[in-house]
Amino acid sequence: MEIINIKATDETPEVTLNAANHTFLIAGRSLPEDVTAFYDPIVSWLSVYIQEPNDITEFVFRMDYFNTASSKMILDVILKLEHLVESGHNAVVKWCYREDDEDMEEAGEEYADIVEVPFRMIPIEV
Amino acid sequence: MEENQIDPKFTKFAYEFHTTMVDRKLMLAYEGEINQQLTKTFASMAKNTLEKDEEDNSVRRKVFHVMVECLQNIGKHTDDPDSGTGISPGSGIFLVGKTKDHYAITTGNIVSKTRIHEIRTLLTGINKLDPDDLKTLYKKQLRESRLSEKGGAGLGFIDIAKKTGQKIGFDFIEVNEKVDFFLLKIRIKRN
């Protein structure tokens, strides 16, 4: 499957989607002007991936910051993982946050509350 | 024109502007177009200033977040004073103030009268909610909302109220029969 490799900018996160390598990562800050232009290719990639997924999908989020428009798109990404779980596959979100960032921790807990995907909350030492 | 090349009225204005900024404890005042570049510049500027002032990490993050949401709001949701229809990028005023207890972020922009009822209802409703209700509403809206054409998630005000734990200040002043000037003031508690 095609590999997505996007470098981080001051308004968009680093993204790596590599099924062969078992790497699924979004990390950094997200406040683009046009969130759909940035996230649509990622969501489309996942739509294809979930047709023939790996045995286990560990999706890592390691966000420093995201605006509310991005929060909606991040949910769309997580909902693709929910499809995986619903179709009997093994998927987990590893939600990494700076240990002193209670807002980011709470954001992860809120996603965990509204989707049927297991979350692992991972504080990162500052 | 005086021999010093400055109209005395302008000097008076500049001095009054200076004293107003000082009296009202404003550290930044801007009027004009708000685009993405400016949003990033202001937000980073604030982040650096707060870092230099050794402000708490959590306060820094909240100020950054409120600034981004407010500036992107103006950029996306400002209307033209003559026609009352949307303009892009939007423009308006943007103020950042700092007192002993709070940072205050204020925005002011032109909005069509057709949108006022909706904004007022939304903000009045949010201001009535306690933190638990805000959390519930945020999750509901996150799950159920669709991104608008302008890329808004309808989450901005709810999220601001939730993260700051403060009521949102707002007001409208009539500009003409089509539009009002919409003022929004958000406070972030300093620790």
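Residues numbered from 1 in each chain as written. Chains lettered and ligands numbered in written order. Predicted model: local features only at pLDDT ≥ 70, side-chain atom pairs only at ≥ 80, totals over all residues. Heavy atoms only, no water.

**So, the overall build of chain B**
Here's step 1: When helices and strands are counted, chain B shows 6 helices and 7 strands.
Here's step 2: Ordered by position in the sequence, the α and β elements of chain B form the string α-β-α-α-β-β-β-β-α-α-α-β-β.
Here's step 3: At 18 Å, chain B has a C-alpha radius of gyration in line with the 16 Å of a compact globule built from 191 residues.
Here's step 4: For chain B, the C-alpha atoms occupy an extent of roughly 65 × 45 × 30 Å along the three principal directions.
Here's step 5: Burial status across chain B gives 43% buried among its 191 residues.
Here's step 6: Contacts spanning at least 24 positions in sequence make up 66% of the contacts within chain B whose residues lie at least 6 apart.
Here's step 7: Looking at chain B as shown, the accessible area adds up to about 10700 Å², and 53% of this sits on carbon and sulfur atoms.
Here's step 8: A gap of 8 Å separates the mean positions of the 31 positive and 28 negative side-chain charges of chain B. (Helix = DSSP H or I, 4+ residues; strand = E, 2+ residues; numbered from the N terminus. Rg over C-alpha atoms; globule rule 2.2 N^0.38 Å. Buried < 20%, exposed > 50% of the residue type's maximum accessible area, 1.4 Å probe, protein only. Contact = heavy atoms within 4.5 Å. Areas by Shrake-Rupley, 256 points an atom, 1.4 Å probe, with all protein chains shown as cover. Lys, Arg positive; Asp, Glu negative; His and termini not counted. Charge placed at Lys NZ, Arg CZ, Asp CG, Glu CD.)

**Regarding the pattern of salt bridges**
Here's step 1: On inspection of all chains with the given rule, the structure shows 23 salt bridges over all chains.
Here's step 2: Of the charged contacts, one joins A:Asp101 and B:Arg61 as a salt bridge, the two residues approaching to 3.2 Å between their closest N and O atoms. Linking A:Asp101 in the loop between strand E5 (90-98) and helix H3 (102-114) with B:Arg61 in helix H3 (residues 57-76), this pair reaches from one chain into another.
Here's step 3: Each of A:Arg98, A:Asp100, A:Asp101 and B:Arg61 takes part in salt bridges that share partners, so that together they form one network. (Salt bridge = Lys/Arg side-chain N within 4 Å of Asp/Glu carboxyl O.)

**Description of the interface of chain A and chain B**
Here's step 1: Taken together, the contact pairs 30 residues of chain A with 30 residues of chain B.
Here's step 2: Interface of chain A and chain B: buried area, both sides summed, is about 2600 Å²; carbon and sulfur atoms make up 48% of it.
Here's step 3: When the buried area of chain A at its contact with chain B is split by residue, A:Thr68, A:Lys72 and A:Glu110 rank highest and sum to 24% of it.
Here's step 4: On inspection of chain A and its partner chain B, the count reaches 11 salt bridges.
Here's step 5: Taking the shortest distance from any N to any O, the salt bridge between B:Arg61 and A:Asp100 comes out at 3.8 Å.
Here's step 6: Joining chain A to chain B, the criterion identifies 21 residue pairs in polar contact (both at pLDDT 80 or more).
Here's step 7: When residues of the side of chain A that touches chain B are traced back to their parent elements, those giving at least two are helix H1 (35-49), strand E4 (56-66), helix H2 (68-86) and H3 of chain A.
Here's step 8: Per element, the largest residue contribution to the side of chain A that touches chain B is 8 residues, and it comes from H2(A).
Here's step 9: Along the lines of polarity and charge, the residues of the side of chain A that touches chain B split into 12 nonpolar, 4 polar and 14 charged. (Buried area = accessible area lost by both parts, 1.4 Å probe. Polar contact = N/O pair within 3.5 Å; in protein donor to acceptor, adjacent residues only side chain to side chain. Nonpolar A, V, L, I, M, F, W, Y, C, P; charged D, E, K, R; others polar.)

**With respect to the sheet that holds strand E1 (residues 26-33) of chain B**
All names here are of chain B.
Here's step 1: Taking strand neighbours across the sheet as the criterion, the 5 strands line up as E1-E4-E5-E7-E6 in an open arrangement whose pairing is antiparallel. Unpaired on one side and paired on the other, E1 and strand E6 (169-174) mark the two borders of the sheet. Neighbour-to-neighbour, the strand axes of this sheet turn through a mean angle of 15 degrees, independent of strand direction.
Here's step 2: Across 6 bridges, E6 lies against strand E7 (residues 179-189) in antiparallel orientation. Paired with Ile-173 across the bridge in E7 is Phe-181. (Pairing = 2+ DSSP bridges. Axes fitted to C-alpha atoms, helices over the stretch in contact; angles between N-to-C directions.)

**Some remarks on the confidence of the model for chain B**
Here's step 1: Residues of chain B with pLDDT of at least 70 account for 97%, and the chain-wide mean is 92.
Here's step 2: Predicted as a complex, the structure gets a pTM of 0.91 and an ipTM equal to 0.92. (pLDDT = per-residue confidence, 0-100.)

**Considerations on the environment of A:Thr16**
Here's step 1: Structurally, the position occupied by A:Thr16 is in strand E2 (residues 14-18).
Here's step 2: Residues A:Thr16 and A:Ala27, 11 residues apart in the sequence, show an inter-C-alpha distance of 8.9 Å.

**A look at the sheet that holds E5(A)**
Residue and element names in this part refer to chain A.
Here's step 1: Judged by pairing direction, the sheet is mixed, and its 6 strands sit side by side in the order E1-E2-E3-E4-E5-E6 without closing on themselves. The strands lining the two open edges of the sheet, one partner per strand, are strand E1 (4-6) and strand E6 (119-124). Each strand of the sheet is rotated relative to its neighbour by a mean of 15 degrees, with strand direction disregarded.
Here's step 2: Pairing between E1 and E2: 3 bridges, direction antiparallel.

**Concerning a nonpolar patch on the surface**
Here's step 1: A cluster of nonpolar residues, B:Ile6, B:Phe10, B:Phe13 and B:Phe17, forms a patch on the protein surface that exposes about 410 Å² of accessible area.
Here's step 2: Looking at where B:Phe13 falls in the secondary structure, it is placed in helix H1 (residues 8-23). (Patch = residues over 30% accessible without salt bridge, like charges linked within 9 Å, V, L, I, M, F, W, Y side chains within 5 Å.)

**A word on the packing of helix H5 (residues 131-144) of chain B against helix H6 (residues 156-164) of chain B**
All names here are of chain B.
Here's step 1: Contact geometry for H5 and H6: axes closest at 10 Å, N-to-C directions at 150 degrees. Note on packing geometry: the crossing formed by H5 with H6 is left-handed. Between H5 and H6, the contacting residues are Leu-134, Lys-135, Leu-137, Tyr-138 and Gln-141 on the first element and Ile-158, Asp-159, Ala-161 and Lys-162 on the second.
Here's step 2: Its residues placed into classes, the contact of H5 with H6 shows 5 nonpolar, 1 polar and 3 charged. (Left-handed = near helix turned anticlockwise from the far one by under 90°.)

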